[in-house]
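Coordinate inspection notes
Residues per chain are reported as follows:
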Amino acid sequence: MKRVVITLAVFGLAAATLSSGVASAVAPTNPADLTVTPAGTKKAEATWSDWKVIQPSAVFDAYWITADDDSSFTPFTADRGRFVDDAASRSVIFDDLNAGTTYYFAVYAVDYTNDGAVVVPPTGTAASTPIGYSVAAGSTLTINASKAVVLTGKPTTLYGALTDSSGAPIRSGTIELTRDVYPYGDGSVSDTVQIDDGGKWTQNYTPLINTRYAATYSPPTGIGGWTRVVTVEVRKKISIAVDPGTTVAGGTLVTFTGTLGGDPAFLGGVRACLQRLTGSWGSLKCVDVDVSGSYLIKFSPGASADGKYRVYSGMGQAYGDSWSRTKTLTVT
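Since we're looking at a predicted model, the values are computed, not measured.

Now for the overall build of the protein. Of regular secondary structure, the protein possesses 1 helix and 27 strands. Computed over its C-alpha atoms, the radius of gyration of the protein comes to 31 Å, more than 25% above the 20 Å expected for a compact globule of 332 residues. Overall, the protein is about 100 × 45 × 30 Å in size when its C-alpha atoms are taken along their principal axes. Residues counted as buried form 43% of the 332 residues belonging to the protein. Contacts spanning at least 24 positions in sequence make up 64% of the contacts within the protein whose residues lie at least 6 apart. Of the roughly 15800 Å² that the protein leaves accessible, carbon and sulfur atoms contribute 50%. Charge centroids of the protein, computed over 26 positive and 28 negative side chains, lie 15 Å from each other.

This part takes up the sheet that holds strand S19 (residues 241-243). One open sheet accounts for 3 strands, arranged S19-S21-S24; its pairing is antiparallel. Pairing within the sheet leaves two strands with one partner each, and these edge strands are S19 and strand S24 (294-299). Within the sheet, the average angular offset between the axes of one strand and its neighbour, ignoring direction, is 20 degrees. Two elements, strand S21 (residues 254-259) and S24, share 6 bridges in a ladder whose sense is antiparallel. Each bridged residue has a counterpart across the sheet, and for Thr 257 the counterpart in S24 is Leu 296.

Within this structure, the stated rule accounts for 1 disulfide. Note that Cys 273 is cross-linked by a disulfide to Cys 286, the S-S spacing being 2.0 Å. Between Cys 273 and Cys 286, the disulfide has an S-S torsion of 110 degrees and is therefore right-handed. Taken together, the residues Cys 273 in strand S22 (residues 271-278) and Cys 286 in strand S23 (residues 280-288) connect sequence positions 13 residues apart. Given the relative accessible area of 27%, Cys 286 is considered partly exposed.

Now for the pattern of salt bridges. Considering all chains together, one arrives at 4 salt bridges under this definition. Among the salt bridges present, the one from Asp 50 reaches Arg 90, with a minimum N-O distance of 3.9 Å. With a gap of 40 residues between them, Asp 50 in the loop between strand S2 (44-47) and helix H1 (51-54) and Arg 90 in the loop between strand S4 (80-85) and strand S5 (91-94) connect regions that are remote in the sequence. Residue Arg 90 is classed as partly exposed on the basis of its relative accessible area of 28%.

What follows covers the environment of Ala 127. With respect to the secondary-structure elements, Ala 127 resides in the loop between strand S7 (116-119) and strand S8 (132-136). On the accessibility criterion, Ala 127 (43% relative accessible area) is partly exposed. Once the C-alpha coordinates of Ala 127 and Ala 67 are considered, the two residues, 60 residues apart in sequence, prove to be 19 Å apart.

Within the secondary structure, Gly 199 is located in the loop between strand S14 (189-194) and strand S15 (200-205). Sequence-wise, Gly 199 and Asp 33 are 166 residues apart; in three dimensions their C-alpha atoms are separated by 30 Å. Look past the residues within four positions of Gly 199 in its chain and what remains in contact with it is Gly 160, Ala 161, Leu 162, Pro 169, Ile 170 and Arg 171.

Put simply, the protein has an average pLDDT of 91, and 92% of its residues get 70 or more. Note on residues 1-27: pLDDT under 50 across the span, and 60 contacts to partners over four residues away in sequence or across chains.

Next up on the list: the sheet that holds S5. Judged by pairing direction, the sheet is antiparallel, and its 3 strands sit side by side in the order S1-S2-S5 without closing on themselves. Both outer strands of the open sheet, strand S1 (35-38) and S5, are each paired with one neighbouring strand and no more. The average undirected angle you get between the axes of adjacent strands in this sheet is 25 degrees. Direction of pairing for S2 relative to S5: antiparallel, over a ladder of 4 bridges. Its bridge partner being in S5, Ala 46 is matched across the sheet by Val 92.

Evaluation of the coordinates by the stated rule reveals 11 aromatic pairs. Between the aromatic rings of Phe 94 and Phe 105, the centroid separation amounts to 5.6 Å while the plane-to-plane angle is 75 degrees, which identifies the pairing as edge-to-face. Within this pair, whereas Phe 94 is found in strand S5, its partner Phe 105 is found in strand S6 (residues 103-113), the two being separated by 11 residues in sequence. Note on accessibility: Phe 94 and Phe 105 belong to one class, buried. Taken together through their ring pairs, the aromatic side chains of Trp 64, Phe 76, Phe 83 and Tyr 112 make up a single cluster.

What follows concerns unusual backbone geometry. Omega for the bond connecting Tyr 182 with Pro 183 falls within 30 degrees of zero, at 0 degrees, which places this linkage in the cis form. Within the secondary structure, Pro 183 is located in the loop between strand S13 (174-181) and S14. Residue Pro 244 is reached from Asp 243 by a cis peptide bond, and omega for that bond is 15 degrees. Along the chain, Pro 244 turns up in the loop between S19 and strand S20 (247-248). At Ser 128, a residue that is not glycine, the phi angle is positive and equals roughly 70 degrees.

The rules behind these values
Residues numbered from 1 in each chain as written. Predicted model: local features only at pLDDT ≥ 70, side-chain atom pairs only at ≥ 80, totals over all residues. Heavy atoms only, no water. Helix = DSSP H or I, 4+ residues; strand = E, 2+ residues; numbered from the N terminus. Rg over C-alpha atoms; globule rule 2.2 N^0.38 Å. Buried < 20%, exposed > 50% of the residue type's maximum accessible area, 1.4 Å probe, protein only. Contact = heavy atoms within 4.5 Å. Areas by Shrake-Rupley, 256 points an atom, 1.4 Å probe, with all protein chains shown as cover. Lys, Arg positive; Asp, Glu negative; His and termini not counted. Charge placed at Lys NZ, Arg CZ, Asp CG, Glu CD. Pairing = 2+ DSSP bridges. Axes fitted to C-alpha atoms, helices over the stretch in contact; angles between N-to-C directions. Disulfide = S-S within 2.5 Å. Salt bridge = Lys/Arg side-chain N within 4 Å of Asp/Glu carboxyl O. pLDDT = per-residue confidence, 0-100. Phe/Tyr/Trp six-rings, centres within 6.5 Å; stacked < 30°, edge-to-face > 60°.

Structural data, given as structure tokens:
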């Protein structure tokens with residue numbers, strides 16, 4: 001059979017470029033041992049055995065691997081597909097999969113002809129029969145935080161539930177819960193968390209800096225499940241001192257000094273603001289903090305400047321918005 005060089009799109013293959021089959025891709029047998037396993041968030045890996053070893057008489061040029069959430073697909077109408085050369089590694093990763101969805105995977109032996117690619121079915125089977133077939137179950141995994149912002153040293157509880165594609169609880173197994181502390185992407189730490197009899201899970205943490213959390217469920221086969229990313233912000237303590245005191249004559253220069261909690265290495269460009277409570281907290285004056293995370297704010301209150309004051313900081317990307325305890329200023 002004459003071989004031709006053809007270029008085929010991975011997705012949305014046009015029927016005109018391929019020989020369409022007449023039989024459904026669904027097959028009850030799996031002679032090539034097609035196996036689907038979780039490969040991370042929104043990903044699954046399909047692997048299969050060497051068809052030239054299993055059926056030495058087969059003459060074909062490549063493998064065509066498909067995945068679809070509808071079991072009625074045919075070889076070249078599947079939502080997703082990849083060509084793999086017959087001499088290449090027999091492994092394909094599909095990405096951008098949907099959570100809570102069962103996918104139907106198939107692998108075909110195909111031959112390149114002048115008319116396109118045609119399926120070479122196993123000996124004695126109908127046209128368009130795959131050499132391997134697998135139903136890859138999906139699941140839905142959720143994640144929530146009992147507190148999205150915590151004061152440093154205080155805990156938050158991460159919790160969620162695991163269900164199958166029908167919405168029924170998965171009542172056993174484990175999930176992998178990862179935490180990525182600021183600066184994000186420098187490496188995450190994973191914990192194994194047990195699913196309870198109701199399909200639920202919980203885990204407590206006491207973060208010291210803003211932390212992102214996510215979870216994955218990776219059963220031995222199938223799509224598995226994954227969550228969105230949840231960020232828990234950490235408020236730091238801001239110290240405050242008032243000089244010469246909280247009772248002063250109008251026009252007296254008052255200094256507010258203190259230190260922002262947290263690692264000074266993450267406080268570059270951060271500002272500290274003196275705020276007064278007048279129905280809501282409003283900023284009067286802001287200054288840059290120094291390299292040690294300290295601030296000095298000078299303020300001369302007028303005769304009607306009695307009230308409650310505090311120092312507030314947005315704290316940059318590493319920490320949540322934070323503020324000091326309140327000081328009541330009396331102007332005589």
